[in-house]
Amino acid sequence: MPADVTAFAAQPLCPLPPDKLRAAIELGHWRAGLIFGGTAWLVLTLWLLVRLRAGAAIARLAAGVSSRAGVQGLVAIPIWILILSALELPASILGHHVGLHYGLSVEKWPAWWVDWLESTGLTLVLGVAVLGSLYGLIRWSPRRWWLWFWAFTLPVEVLLTFAAPLVIDPLFNHFTPLAQTDPALVDQLERVAARGGLEIPRNRIFLMDASRRATGANAYVTGLGASKRIVVWDTTLKIESPQEILFTYGHEQGHYVLHHIPKGIAFSAVVFFVFYWIAFRVSGWLVRTRGERWGIESAGCWSSLGLALLLAVVLNFLAQPIANTFSRAVEHQADVYGEEVIHGLVPDAQAATVSSFCSDAVVWLDDPQPNRFVEFWTYSHPSTEERAQFAAHYDPWLAGEHPRYVQSPGGL
Ligand SMILES: [Zn+2]
């Protein structure tokens, strides 16, 4: 009966037990509140600081230390980065409290503070380098700095993507080649790689000690060229069944094979180009019309740092839906690839894919029906239920159909 079919399709594929469902919906509200509320708080407080002429006061303090612009920057930039970190702290603390409350995090507060100090230190180093370069360019070319800064950002982004798994990630986690801890699993994964016509060296698959902090399962692809690798969270091995792990890995292999990291860099280059130009126009207009009132002589003076951070927060927030729409599209491609690549290696690729999503939905407490606007703005992946629904109905192995990325071997 058609009516029954409709009713069946409306049922969630990954139904949560009532207590988990309630928690998932609450958690969805917390997440959205922290993102939107946290941004509103930052914008409001930074704007107040700009209006209260904090930029001019900090620039005067820096000028008291040295008459050289470079040294003044080494004083003013860290002060502003620490102010921004302090303003972000309430949302970060609340976020960790929520994670602990709902059982997504197991990290004790002292360890969390150590992480916070480390990441703030890293932000200070990178912030001084990036903002120092930006201001150097603004002074050197007041009308074209946005273009030069764009040209500067691209190699930096490539370098950071290359260096992140080698230099930055090991500051926060421990990575061991999966072949050392679970060679049998690597054998299984190599079958998936071979099925996709790919040779991923065994030493490019890493296990990360995520269980120090988190309870949920995850895996990701990172790095570029010689540093490119697939990382599997150790929690995944506890939560997912062997077949589900094959899908999770297959999805990551999809990112690898479909070159999603270089495509992401190319996409962000286009977005940066537009947003830097907007920043140039808006900052120029604000300094012209409000500069005197806010104690900002020009865009290239250290007194404009607070305004620059305010603009960065606003533009970053406005870029989120653009970045996330791109991300959801490539995540969907990786889902399709993952489902195709395990076909023939597991008895039922559709069932393994759906159950992988459902396992994740329970441990991550994914809201099965997120608010569409919140999903559009903040979700880097399609909602888990949407991914499961697609996987359950994706069947390119029917007669006359063709898989999109991985051709079926003979007889399958
Ligand atoms: Zn992915």
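Anything mentioned here points back to the structure above.
Just so we're clear, the structure is a prediction, and the values are computed from it rather than from any experiment.

Here the second largest pocket is characterised by a volume of approximately 290 Å³. The wall of the second largest pocket is formed by 14 residues, among which Pro-142, Trp-145, Phe-280, Gly-284 and Ala-299 lie closest to the centre. Element by element, the count of residues in the lining of the second largest pocket is highest for helix α11 (residues 260-294), at 5 residues.

Buried residues dominate strand β4 (residues 229-233), accounting for 5 of its 5 residues. Side chains Arg-229, Val-231 and Trp-233 project from β4 onto one buried face, and the interleaved Ile-230 and Val-232 project onto a second face that is buried too. Pairing between strand β2 (residues 205-208) and β4: 4 bridges, direction parallel. Residue pairing in the sheet places Phe-206 in a bridge with Val-231 of β4.

Here the focus is the state of the cysteines. Under the criterion given, the structure shown has 1 disulfide. Between the sulfur atoms of Cys-14 and its disulfide mate Cys-358 the distance is 2.1 Å. Residues Cys-14 and Cys-358 are joined through a disulfide that is left-handed, its torsion about the S-S bond being -75°. Of the two residues, Cys-14 sits in the loop between α1 (2-10) and α2 (18-51) while Cys-358 sits in helix α13 (residues 349-364), which places them 344 residues apart along the sequence. Neither Cys-14 nor Cys-358 differs from the other in exposure class; each is buried.

Next up on the list: the side chain of Ser-356. Within the secondary structure, Ser-356 sits in helix α13. Under the relative-accessibility criterion, Ser-356 is labelled buried at 1%. Excluding residues within four positions of it along the chain, Ser-356 makes contact with Glu-240, Glu-244, Phe-247 and Thr-248.

A few words on the sheet that holds strand β1 (residues 175-177). One open sheet accounts for 4 strands, arranged β1-β2-β4-β3; its pairing is mixed. Two strands close off the open sheet at either side, each with one partner strand: β1 and β3 (219-222). Across the sheet, the mean angle separating the axes of adjacent strands is 30° when strand polarity is ignored.

With 39 residues, the main nonpolar core has Leu-46, Trp-80, Leu-134, Trp-145, Trp-302, Leu-305 and Leu-307 as its most contacted residues. Contributing elements (two or more residues each) for this core: α2, α3 (54-65), α4 (69-101), α5 (109-140), α6 (145-172), α11 and α12 (305-342). Apart from residues no more than four positions distant in its own chain, Leu-134 is found in contact with Trp-145 and Phe-149.

So, on to a nonpolar patch on the surface. Where nonpolar side chains cluster on the molecular surface, the patch consists of Leu-44, Trp-47, Leu-48 and Leu-52 and spans about 410 Å² of accessible area. Residue placement: Trp-47 occurs in helix α2.

What the rule picks out here adds up to 3 cavities of 30 Å³ or more. Approximately 50 Å³ is the volume attributed to the largest cavity. The wall of the largest cavity is formed by Cys-14, Leu-16, Ala-361, Asp-366, Pro-368, Thr-384 and Glu-385. Classifying every residue of the lining of the largest cavity gives 4 nonpolar, 1 polar and 2 charged.

Turning next to the coordination of the zinc ion. For the zinc ion, every protein donor is listed as His-251 (NE2), His-255 (NE2) and Glu-331 (OE), and the spread of their distances is 2.0 to 2.1 Å. Each donor residue of the zinc ion belongs to the same chain, with the gaps between them written as H-x3-H-x75-E. Note that His-251 and His-255 are positioned in helix α10 (residues 242-257) at a spacing of 4 residues, about one turn of the helix. The pair formed by His-251 and His-255 is uniform in burial state, with each residue classed as buried.

Attention now moves to the pattern of salt bridges. Inspection of the entire model under this criterion finds 8 salt bridges. Between Arg-202 and Glu-190 there is a salt bridge, with the nearest N and O atoms lying 2.9 Å from each other. One end of the pair, Arg-202, is in the loop between α8 (183-195) and β2; the other, Glu-190, is in helix α8, and 12 residues separate them in sequence. Overall, Arg-202 belongs to the partly exposed group, its relative accessible area being 30%. Judged by its relative accessible area of 29%, Glu-190 falls in the partly exposed class. When salt bridges that share partners are traced, they join Glu-107, Asp-115 and Arg-213 into one network.

What follows covers the packing of α13 against helix α15 (residues 384-393). At a minimum axis separation of 8 Å, α13 and α15 run at an interaxial angle of 170°. Between α13 and α15, the angle is such that the two are roughly antiparallel. Side by side, α13 and α15 meet where Gln-350, Thr-353, Val-354, Phe-357 and Ala-361 of the first sit next to Thr-384, Arg-387, Ala-388, Ala-391, Ala-392 and His-393 of the second. Split by residue class, the contact of α13 with α15 holds 6 nonpolar, 4 polar and 1 charged.

Now for α2. With 34 residues, α2 should reach 50 Å at 1.5 Å per residue; the first-to-last C-alpha distance of 49 Å fits that figure. Every buried residue of α2 is listed here: Ala-23, Ala-24, Leu-27, Gly-28, Ala-32, Gly-38, Thr-39, Leu-42, Thr-45, Leu-46 and Val-50. Lining the buried residues of α2 we find α3, α4, α11, α12, α13 and α14 (372-378). After α2 finishes, the residue Arg-53 shows a positive phi value of roughly 60°.

Conventions used here
Residues numbered from 1 in each chain as written. Predicted model: local features only at pLDDT ≥ 70, side-chain atom pairs only at ≥ 80, totals over all residues. Heavy atoms only, no water. 1 Å grid on protein atoms, 1.4 Å probe; cavity = no way out; pocket = protein on both sides within 12 Å on 5 of 7 lines; lining within 4 Å. Points joined across faces, edges and corners; volume = space filled by probe spheres on them. Helix = DSSP H or I, 4+ residues; strand = E, 2+ residues; numbered from the N terminus. Buried < 20%, exposed > 50% of the residue type's maximum accessible area, 1.4 Å probe, protein only. Pairing = 2+ DSSP bridges. Disulfide = S-S within 2.5 Å. Contact = heavy atoms within 4.5 Å. Axes fitted to C-alpha atoms, helices over the stretch in contact; angles between N-to-C directions. Core = buried A, V, L, I, M, F, W, Y, C linked by side-chain atoms within 4.5 Å. Patch = residues over 30% accessible without salt bridge, like charges linked within 9 Å, V, L, I, M, F, W, Y side chains within 5 Å. Areas by Shrake-Rupley, 256 points an atom, 1.4 Å probe, with all protein chains shown as cover. Salt bridge = Lys/Arg side-chain N within 4 Å of Asp/Glu carboxyl O. Nonpolar A, V, L, I, M, F, W, Y, C, P; charged D, E, K, R; others polar. Donors = N, O, S within 2.8 Å, 3.2 Å for Na, K, Ca; no water. Parallel < 35°, antiparallel > 145°, perpendicular 65-115°, else oblique. Expected span 1.5 Å × (residues − 1).

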